[in-house]
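For reference, the chains in residue letters:
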Amino acid sequence: MRDPRSFVDLDRYPIVDPGEARTRVVEAARASLRERGVAIFPGFIRPDVVAEIAAEVVALEGRTHLEDVWGTPYLELPDESFPDAHPRHTAVHSRTGVLAYDLVPADSPARALYEWDGLLDLLADVLERRPLYRMADPLGALNLTIMRDGHVQGWHYDSTDFVVSLSVASSERGGEFECARDIRDDQNEHYDEVARVLAGTADDLVEVYPMTPGTMMVFAGRRSLHRVAPVRGNAPRIVALFGYDTTPGANSSDLLKLVRYGRTEPLGADA
């Protein structure tokens, strides 16, 4: 297994050794999460390593599963008890190629980074959640996604408190990460505002984040409606997604695995 310290920009992010420099990185990320619902680490990974991961994904694209689904922003089927234009009755489309964890090469920098305790410790400090565990899902703990022309991730809320992503390659056009931050809370779903976002008439609520290769992002998506805008052009949009939980042994449901990976069990070593 490769040592991630050789490809994380430790000059910009001195996260290996405890001290004031590391504390400044952590505190800045915490403040961003509180204020914006997202912490962004530009240039977290060296450009040559990012390019290596991108080449791996393109080479393995034939083994990805095409997740092609319709559902509501609440990750449910449309509820016909609501009016047609209601967010609970509105279906959005998602279409993405997904490379499951068991297909990520053992020597991949993406795998090395995800399985590195140094990153786990950093995220636990940023999120102020200890202990933090890597997911036990053999398919979903680490995903590499590839989106081609016409692919999209529809507006949705996450079922988990946070998501960690690493941008690997940007599309020629489109593919931006768009977010209506904290649009709902424990007391109110704010359906009227959600409906405006789904209708494309809520520019005042939506923030746009370009996906720059090498950037790591920690995002709190349970209350923030978000999507990946439609990808356009010949260049693929590639992102690594890292799965963590505060409970040891956390796994995904078989239904989620079927939708996202087309199977519920890891493939054998000779597959």
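Preceding this paragraph is the structure being described.
Reference entry: report on the structure contained in this document. (Residues numbered from 1 in each chain as written. Predicted model: local features only at pLDDT ≥ 70, side-chain atom pairs only at ≥ 80, totals over all residues. Heavy atoms only, no water.)

Bringing the packing of aromatic side chains into the picture now. Applying the stated criterion to the full structure yields 10 aromatic pairs. Consider the rings of Phe41 and Phe44, whose centres lie 5.9 Å apart with planes at 70°: the pair is edge-to-face. Here the two residues Phe41 and Phe44 agree in accessibility, since each one is buried. Ring-pair connections join several aromatic residues into one group, and the members of that group are Tyr101, Tyr114, Phe242 and Tyr244. Here the guanidinium or amino end of Arg88 rests over the ring plane of Tyr74, the centre of that ring lying 3.8 Å away. Between the NZ or CZ atom of Arg184 and the centre of the ring of Tyr157, over which it lies, the distance is 3.7 Å. (Phe/Tyr/Trp six-rings, centres within 6.5 Å; stacked < 30°, edge-to-face > 60°. Buried < 20%, exposed > 50% of the residue type's maximum accessible area, 1.4 Å probe, protein only. Lys NZ or Arg CZ within 6 Å of the ring centre and 35° of its normal.)

Turning our attention to the sheet that holds strand S9 (residues 177–180). Adjacent strands of a sheet pair through backbone hydrogen bonds, lying either parallel or antiparallel. Taken together, the 4 strands give an open sheet; going across it, the order is S6-S12-S9-S10, and neighbouring strands pair in antiparallel fashion. Among the strands making up the open sheet, the edge pair consists of strand S6 (153–156) and strand S10 (206–209). Across the sheet, the mean angle from the axis of one strand to that of its neighbour is 15°, orientation sign disregarded. By the bridge criterion, 4 bridges tie S9 to S10 in an arrangement that is antiparallel. What sits directly across from Phe177, in S10, is Tyr209. (Pairing = 2+ DSSP bridges. Helix = DSSP H or I, 4+ residues; strand = E, 2+ residues; numbered from the N terminus. Axes fitted to C-alpha atoms, helices over the stretch in contact; angles between N-to-C directions.)

Counted by the stated rule, this structure contains 23 salt bridges. For Arg5, the salt bridge goes to Asp3, with nearest N and O atoms at 2.8 Å. Since its relative accessible area comes to 44%, Arg5 is described here as partly exposed. Classification of Asp3 by relative accessible area gives partly exposed; the value is 35%. Between Asp125 and Arg22 there is a salt bridge, with the nearest N and O atoms lying 2.7 Å from each other. Within this pair, whereas Asp125 is found in helix H4 (residues 117–127), its partner Arg22 is found in helix H1 (residues 20–36), the two being separated by 103 residues in sequence. (Salt bridge = Lys/Arg side-chain N within 4 Å of Asp/Glu carboxyl O.)

Here we take up the sheet that holds strand S3 (residues 92–99). Spatial strand order, S1-S11-S7-S14-S5-S3-S2: 7 strands in an open sheet with antiparallel pairing. Each of the sheet's edge strands pairs with one partner strand only, and the pair in question is strand S1 (38–41) and strand S2 (65–71). Across the sheet, the mean angle from the axis of one strand to that of its neighbour is 25°, orientation sign disregarded. As paired elements, strand S7 (residues 163–169) and strand S14 (residues 237–242) share 5 bridges and run antiparallel to each other. Looking across to S14, one finds that Leu166 is bridged to Ala240. Across the sheet, helix H2 (residues 47–59) touches strand S5 (142–147), S7 and S14, and the angle it forms with S7 is around 85°. (Contact = heavy atoms within 4.5 Å.)

Below, the discussion takes up the side chain of Thr96. Locating Thr96 in the fold gives a position in strand S3. The exposure class of Thr96 is buried, given its relative accessible area of 2%. Among the polar contacts listed, one links the side chain of Thr96 to the side chain of Gln153, at a separation of 2.5 Å. Contacts of Thr96, omitting those with residues within four sequence positions, involve His65, Leu66, Glu67, Thr145, Ile146, Met147, His151, Val152 and Gln153. (Polar contact = N/O pair within 3.5 Å; in protein donor to acceptor, adjacent residues only side chain to side chain.)

Worth remembering: the numbers are spatial, not functional.
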